Amino acid sequence: MAETFDIIVIGSGPGGYVCAIRAAQLGMKVACVEKRATLGGTCLNIGCIPSKALLQSSENFHELQHGFADHGITASNIGIDLARMQARKGEVVGANTKGIEFLFKKNKVTWLKGEAKFSSPTEIEVAGTAYAAKSIIIATGSDSAPLRGVTVDEQRIVTSTGALELDKVPGHLLVIGAGVIGLELGSVWRRLGAEVTVIEYLDRITPGLDAEISKNFQQILTKQGFRFKLGHKVTGATVEGDKVNVTIEPAKGGDAETIAADIVLLAIGRNAYTAGLNLEAAGVETDERGRVKTDAHYATNVPGIYAIGDVIAGPMLAHKAEEEGVALAEILAGQHGHVNYGAIPSVVYTWPEVAAVGQTEEELKAAGLAYKVGKFPFMANGRARAMGALDGYVKLLSDKETDKLLGAHIIGPDAGGLIAECTLALEFGASAEDVARTCHAHPTLSEVVKEAALAVDGRPLHI
Ligand code: NAI
């Protein structure tokens, strides 16, 4: 007889581990299967957390080199000890993954170590042992999308995984794809001294973001030394001696050219990861992009099997997966778990940061909705001046008739922190006027959000 649980979650990323903890809080007997030696999935081990550690280190270095002198702080013999920087990143990751292990123990979630494989619609096998559960939740995440002609070796031609592990600052880093990964990891190595060239298929960077913000973002990154080749596709990459020769072509046709790089980072998106799960044994259906098909309550076509996070449709974001994990655990406990997909923030952790929630101007236009725009620059904010962080602005969009907030788009210092207020406003169905009439502490960057809300009604105070 297979050992039986109320819930088995497959995968311990932010979707899976949060779902396991919430289900345990609700009194269920829970197991979580993880094949990696540490818990936390892509986010904690090879994604969000290690990249943020390196972004912080490289930002500190850049500030010391370029920002401190203006404050009257001088330093000589500034150098990079990349081995220490990487070791610190490892320590940050280790503390986070151990933290999940502690939370599992605290909540009595059983960690089944090994790879889960369906043997039937109600049973899985992990390391040769069979386990059964009333509900099995697939939370196996995603994996880097491959590109024909570009063979990843994680040494010279890398995905985000290899780009986080480099033991030398590349002379020339060529990034394929001007999305979130390409720009964040491009920033890390640019700040540490690499030349960075970004090849993007479309004629703009960060396609999901508000177009005006994207344009300004590109200008700021260009000032930082990023080189962009938009409207180009990569057709091949070959390692020759100590270089990687990358062939690119205009997306709309034209002459090919070759660019030599030291390291090539492939960052053209991610695919749902279901390899090795043996979904066929359970009869679970996937869609045309390999994602597990679910209904609005995360149920697959097989009764008792559910899926959440990157492996299903929707934005591939850790916090989206977490929300789904909580919602599903609550649904399975007979409660009314729910995710508001209209209020999921997204953040690009570059300098300055870029953050967004709700709809873009392009989406509002496409939907035929009449809207008002309020914008306010960080340049006119006292705190931003004191910080010396003048790039960027807050842009709020609200319904022309009702003033209900429809979208918030921020490029600037701590945009990722500031978007939380806008997300809450959206979640509560607030109007721009509600935000404008809320007292914001002075002097803080959050006043830029308030001023943008005032600007929606044409009455900003400090510009
Ligand atoms: P992405 O979808 O953000 O960007 C990929 C870019 O590559 C797009 O601009 C696309 O037009 C371009 N592209 C596609 N095919 C191409 C080709 N053949 N040649 C040149 N360009 C091409 O994907 P990315 O950056 O790989 O990130 C993957 C996922 O991870 C995303 O869903 C992202 O949201 C998530 N992520 C989120 C982070 C955050 O929230 N801060 C950080 C890192 C990743």
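Residues numbered from 1 in each chain as written. Predicted model: local features only at pLDDT ≥ 70, side-chain atom pairs only at ≥ 80, totals over all residues. Heavy atoms only, no water.

Quick look at the environment of Ala 389
Here is step 1: Within the fold, Ala 389 resides in the loop between helix H11 (382–387) and strand E21 (393–399).
Here is step 2: Between the alpha carbons of Ala 389 and Pro 413 there is a distance of 6.3 Å; along the sequence they are 24 residues apart.
Here is step 3: The residues contacting Ala 389, other than those within four sequence positions of it, are Trp 351, Phe 378, Ala 384 and Pro 413. (Helix = DSSP H or I, 4+ residues; strand = E, 2+ residues; numbered from the N terminus. Contact = heavy atoms within 4.5 Å.)

Description of the packing of aromatic side chains
Here is step 1: For the structure shown, the criterion picks out two aromatic pairs.
Here is step 2: Both rings, one in Phe 5 and one in Tyr 131, keep their centres 6.4 Å apart while their planes meet at 45 degrees; by these two values the pair is tilted. Of this pair, Phe 5 sits in strand E1 (residues 3–10) while Tyr 131 sits in strand E6 (residues 129–138); the two residues are 126 residues apart in sequence, bridging distant segments of the chain. Accessibility classification places Phe 5 together with Tyr 131 in one group, the buried group.
Here is step 3: The residue whose ring lies beneath Lys 29 is Phe 5, and the NZ or CZ to ring-centre distance is 4.8 Å. (Phe/Tyr/Trp six-rings, centres within 6.5 Å; stacked < 30°, edge-to-face > 60°. Buried < 20%, exposed > 50% of the residue type's maximum accessible area, 1.4 Å probe, protein only. Lys NZ or Arg CZ within 6 Å of the ring centre and 35° of its normal.)

Thoughts on the sheet that holds strand E12 (residues 232–240)
Here is step 1: Spatial strand order, E12-E13-E14: three strands in an open sheet with antiparallel pairing. Of all strands in the sheet, those bounded by a partner on one side alone are E12 and strand E14 (257–261). Each strand of the sheet is rotated relative to its neighbour by a mean of 25 degrees, with strand direction disregarded. (Pairing = 2+ DSSP bridges. Axes fitted to C-alpha atoms, helices over the stretch in contact; angles between N-to-C directions.)

Some thoughts on the side chain of Ser 51
Here is step 1: Tracing the chain through its elements places Ser 51 in helix H3 (residues 48–67).
Here is step 2: Beyond its immediate stretch of four places on either side in the chain, Ser 51 contacts Leu 164, Glu 184 and Leu 185.

Some points on the site of the ligand
Here is step 1: Taken together, 21 residues lie near the ligand, and Ile 181, Glu 184, Glu 200, Gly 269 and Val 347 sit nearest.
Here is step 2: Take Ala 267: an N or O atom from its main chain is 3.4 Å from an oxygen atom of the ligand.
Here is step 3: Between the ligand and Val 347, the relevant distance is 2.8 Å, taken from a nitrogen atom to a main-chain nitrogen or oxygen of the residue.
Here is step 4: Considering the ligand on its own, with 840 Å² of exposed area, one finds that the protein chains cover 79% of that surface. (Near = heavy atom within 4 Å. Polar contact = N/O pair within 3.5 Å; in protein donor to acceptor, adjacent residues only side chain to side chain. Areas by Shrake-Rupley, 256 points an atom, 1.4 Å probe, with all protein chains shown as cover.)

Points about the domain arrangement of the protein chain
Here is step 1: Under the domain assignment, the protein chain is made up of domain 1 (3–144 + 271–339), domain 2 (157–268) and domain 3 (344–456).
Here is step 2: With 18 residues of domain 1 in contact, the opposing surface of domain 2 contributes 16 residues.
Here is step 3: Three residues stand out in domain 1 for area buried against domain 2, namely Ile 46, Leu 55 and Leu 82, and they jointly supply 33% of the buried area on that side.
Here is step 4: At the boundary of domain 1 with domain 2, the tally comes to two salt bridges. (Domains from an automatic or database assignment. Buried area = accessible area lost by both parts, 1.4 Å probe. Salt bridge = Lys/Arg side-chain N within 4 Å of Asp/Glu carboxyl O.)

What about unusual backbone geometry?
Here is step 1: In the segment running from Trp 351 into Pro 352, the intervening peptide bond is cis, with an omega of -10 degrees.
Here is step 2: For Pro 352, the position within the fold is in the loop between strand E18 (346–348) and strand E19 (353–358).
Here is step 3: Cis rather than trans, the peptide bond between His 442 and Pro 443 has omega equal to -5 degrees.
Here is step 4: Locating Pro 443 in the fold gives a position in the loop between helix H13 (432–436) and helix H14 (446–456).
Here is step 5: Phi at Lys 108 takes a positive value of approximately 60 degrees, unusual for a residue other than glycine.
Here is step 6: The residue Lys 108 is located in the loop between helix H4 (82–106) and strand E3 (110–113) in this model.
Here is step 7: What makes Lys 108 exposed here is its relative accessible area of 70%.
Here is step 8: Positive phi outside glycine occurs at Tyr 298, with the angle close to 70 degrees.
Here is step 9: Position of Tyr 298 among the secondary structure elements: in the loop between helix H8 (279–282) and strand E17 (305–307).
Here is step 10: Residue Tyr 298 is classed as buried on the basis of its relative accessible area, which comes to 4%.

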